[in-house]
Amino acid sequence: MTSPAPYASTSLADLLPAVRYADPQLLAARLEDVRLPLGWWHATPLMEIERVIGAEALSHQVAQALRSLWPHVELGDVVPVLRLLGSPGVEPGKTVAQVAREAGPGVVDGDRVLAAVFGSVLDRLHQRGVPREESEGARVRDAVSVIARWLPADAPAEVRAALAVLQGLEEQSEDEPTPVPVVLAAPEAVEEPAGEQPEFAELPAPREAFDDHEPGAEADEPDVIEDAGPSVDPALMAEPFAALTRLVGGWDERALVIAGQRMFADEPVKLQDLGERFSVSRERVRQLERAVADSLTQWMVADEDGRAFAGHLAAVAERLGTVGQVAEVHALHPDHVRTVEALGVPLGDVVARLLPGGTLVGAWIVQGDAAALRADMQEELLAACGDTPLAWDEAVALGQRYGVRGEVLADWAADLGRFQVRDGRLLYWGRSLNDRAAAVLALHGKPMSMEDIHEQLADGTAINSMRNQIWTDERFLRVDRNLYGLRAWGGEEYLGIREMIAREIANAGGEAEVNAIAEALSARFDVSAASVRTNLGGPGFARTRRGWVRVADQPGEQDAPYVPRNDVAGTRRCFVGADGRWWYRMELTADHLRGSGFPVPAGWAAHIGGAPHRDPLPLRHEAGETSLTWRAQPTVGSVKPLLEHIGATAGDQVFLNVTDGHLRALRLHAPADALDSACGAARLTGWTAAVTPAEAVEVIARRIGMVPGQEGSALLERLVERGDKDIAELLERALSGAVPAF
């Protein structure tokens, strides 16, 4: 027995004086724990904190606080006791950040080193083990730090697993099941550690050999493997199911429930629920869970079955590599699909969660830092095939650099971020419709029709919606009447038959022969010579001499002003303000905020000066400029900077006005409370004050350019003619007295 530690009342503030003067909110964000008293770092003895959360968790929390609050302070100044103890590995003058950076590039590595430093202080204060400078374990930890820093990414699974055990467990969240460190034991017998066993995890005493071996025989004789039959890989254990079943057969009900419903379950039961079931506290359940994990670890070190099972886990991990799927684990051994009745889960699920160095992420088992691996591979894959699909053999070679096998690369890439394998190549199947259309074109390597692109997408998007988005995206180049390629490929852009005629005339020096234009355009594009001649006879072109034309440029030769089918007063979503200016209303979507262009009604486009097949109409605004382009339909370019300038968000109603080439935008955010039908109808015209149904009729009539004194029925008819069915429905409900169902 050891005597009580002389520093049993030492608090964290005694070891870190800076804690007494730090911002309480900053400290709470890094040190507060629901299992501990509020402000525990001021006076609660550290030995009591260790009994509740463990020395490792305590050291990790302190490491995070050191790194985030005092990174530029010398470590010996923040933890003065280090100077008294003379802790090796902590050089004088080194700041907290420098000590953390020396561990390696990651935040986790830095925290681990700082946690080890503070853990050594706790060990010395509480008289655990021999002094650090005399401890063999200290030299081992130093060696582990060096190994972790220089271990290559392609190191064997057994090496990575052993390193993970030596480095210890990372801090767990409140309701995350306790992982079990997998110990890859040496073949020789290992003496069972001294100390009491968990009260419910009664392990069988370590045996010197299997029951069917002679005393002193080796546990891994070839005949054990041969019993499994030719379907089992020789590197795997012959009967892992029987071994684990013998182990859990000695556990009591609480151990079995905790293991089956928390540690090895897809949806772990919460600590609180198990505490209520067992009539104990949540913290007691956590302690019991830790005892189960410890008993498994001891079994894989001290028992012959357990050591063989640990070797089985190492072989499975080696087979999977850096990433593998739980389904693969189930398929690797006939025993893996069998359900361990005492736990209620298949053996494959147990194996998947016990693999050395592995982390379960959904249906995947990832070795090492799963988040870092995902981020690094996603970035490299996107760089490799973001613009041009990547040949599959090149993709496999890229995956192998990360230890990802070719047979799982397609599924792993799809899980990383919408990558797909098509026609033997890996391509980025982006989040937006435009991204996916660009991927389809890049895959085929030649221009395609809208119909062909739409068929390849096969995602239910309406072809008209796809057409509008492609028309407003600069990545695409229209190369014929119905052929689209990628602008990066180069080539001549098809602007429409009138624009192409004008370009031919300009290239010929301002005047060209009709037959020459018709033959040139019909040869290069999918237009007939007759259609070209018809357009040459229309407005915009003037005859110079027999059979020759030029672009009209004299006042008398100009095209007549464009007259749309419906003027602005008859155009949906267009409303006149008190100052007589017409505004167009649009409802913001994520596409607008991402910078996509958008179509506008012809009546409003003509009102602000646009016309079909003319030069783009420049539009200035407070945050920059954009333009109105009118080819198949009028389209306004990106207004993202303007929307950001007015603070607009998705779902807002935004009203646009153009006066003298200046684009203005007014934001009408969604109402805080539900509106009645009359107010809702008026609000869609830009009127925000409360109105009665009769007042709504007057307001809306003025807003769409009708004379005052309109009957409700006449206004409703006009709204339907304009296409404002949303306003008409609300107004009709208000006039009929119907109560909307919110």
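Here's what I pulled together on the structure shown here.

Parameters at a glance
Residues numbered from 1 in each chain as written. Predicted model: local features only at pLDDT ≥ 70, side-chain atom pairs only at ≥ 80, totals over all residues. Heavy atoms only, no water. Pairing = 2+ DSSP bridges. Helix = DSSP H or I, 4+ residues; strand = E, 2+ residues; numbered from the N terminus. Axes fitted to C-alpha atoms, helices over the stretch in contact; angles between N-to-C directions. Contact = heavy atoms within 4.5 Å. Parallel < 35°, antiparallel > 145°, perpendicular 65-115°, else oblique. Salt bridge = Lys/Arg side-chain N within 4 Å of Asp/Glu carboxyl O. Buried < 20%, exposed > 50% of the residue type's maximum accessible area, 1.4 Å probe, protein only. Polar contact = N/O pair within 3.5 Å; in protein donor to acceptor, adjacent residues only side chain to side chain.

1. What about the sheet that holds strand 5 (residues 364-367)?
Alright, step 1. Across the sheet, which stays open at both edges, the three strands sit in the order 1-5-4 with antiparallel pairing between neighbours. Each end of this open sheet is capped by a strand with a single partner; those strands are strand 1 (323-325) and strand 4 (358-361). Across the sheet, the axes of successive neighbouring strands diverge by a mean angle of 25 degrees, strand direction being ignored.
Alright, step 2. Relative to strand 5, strand 1 runs antiparallel, the two being bridged by three bridges. By the bridge assignment, Val323 is partnered in strand 5 with Val366.
Alright, step 3. Contacts from helix 22 (residues 406-417) reach strand 1 and strand 5 within the one sheet, and its direction differs from that of strand 5 by about 90 degrees.

2. A short note on the packing of helix 26 (residues 497-507) against helix 28 (residues 529-536)
Alright, step 1. At a minimum axis distance of 10 Å, the contact between helix 26 and helix 28 shows a crossing angle of 80 degrees. In terms of their interaxial angle, helix 26 and helix 28 are classed as roughly perpendicular. When helix 26 is examined against helix 28, the residues Ile497, Arg498 and Ile501 are found in contact with a partner set consisting of Ser531, Val532, Asn535 and Leu536.

3. Examining the pattern of salt bridges
Alright, step 1. Scanning the entire structure with this criterion turns up 24 salt bridges.
Alright, step 2. A salt bridge links Asp335 to Arg338; its shortest N-O distance comes to 3.6 Å.
Alright, step 3. Given a relative accessible area of 10%, Asp335 falls into the buried group.
Alright, step 4. Of the residues examined, Arg338 reaches a relative accessible area of 42% and is grouped as partly exposed.
Alright, step 5. Measuring nitrogen to oxygen at the nearest pair gives 2.2 Å for the salt bridge that ties Arg401 to Glu380. Of this pair, Arg401 sits in helix 21 (residues 392-401) while Glu380 sits in helix 20 (residues 370-385), placing them 21 residues apart in sequence.

4. Quick word on the environment of Asp480
Alright, step 1. Within the element layout of this structure, Asp480 appears in strand 9 (residues 476-480).
Alright, step 2. Here the alpha-carbon distance between Asp480 and Leu495, two residues 15 residues apart in the chain, equals 8.4 Å.
Alright, step 3. The residues contacting Asp480, other than those within four sequence positions of it, are Tyr494, Arg524, Phe525 and Asp526.
Alright, step 4. A polar contact is formed between the side chain of Asp480 and the backbone nitrogen of Asp526, at a distance of 2.8 Å.

5. What about the pairing of strand 20 (residues 653-659)?
Alright, step 1. The buried count for strand 20 comes to six of seven residues, which makes it a mostly enclosed element.
Alright, step 2. Looking at chain direction, strand 15 (residues 582-587) and strand 20 are connected through four bridges and run antiparallel. Bridge pairing in strand 20 places Arg585 opposite Phe655.
Alright, step 3. When strand 20 meets strand 21 (residues 662-668), the two strands line up antiparallel, connected through seven bridges. By the bridge assignment, Val658 is partnered in strand 21 with Leu663.

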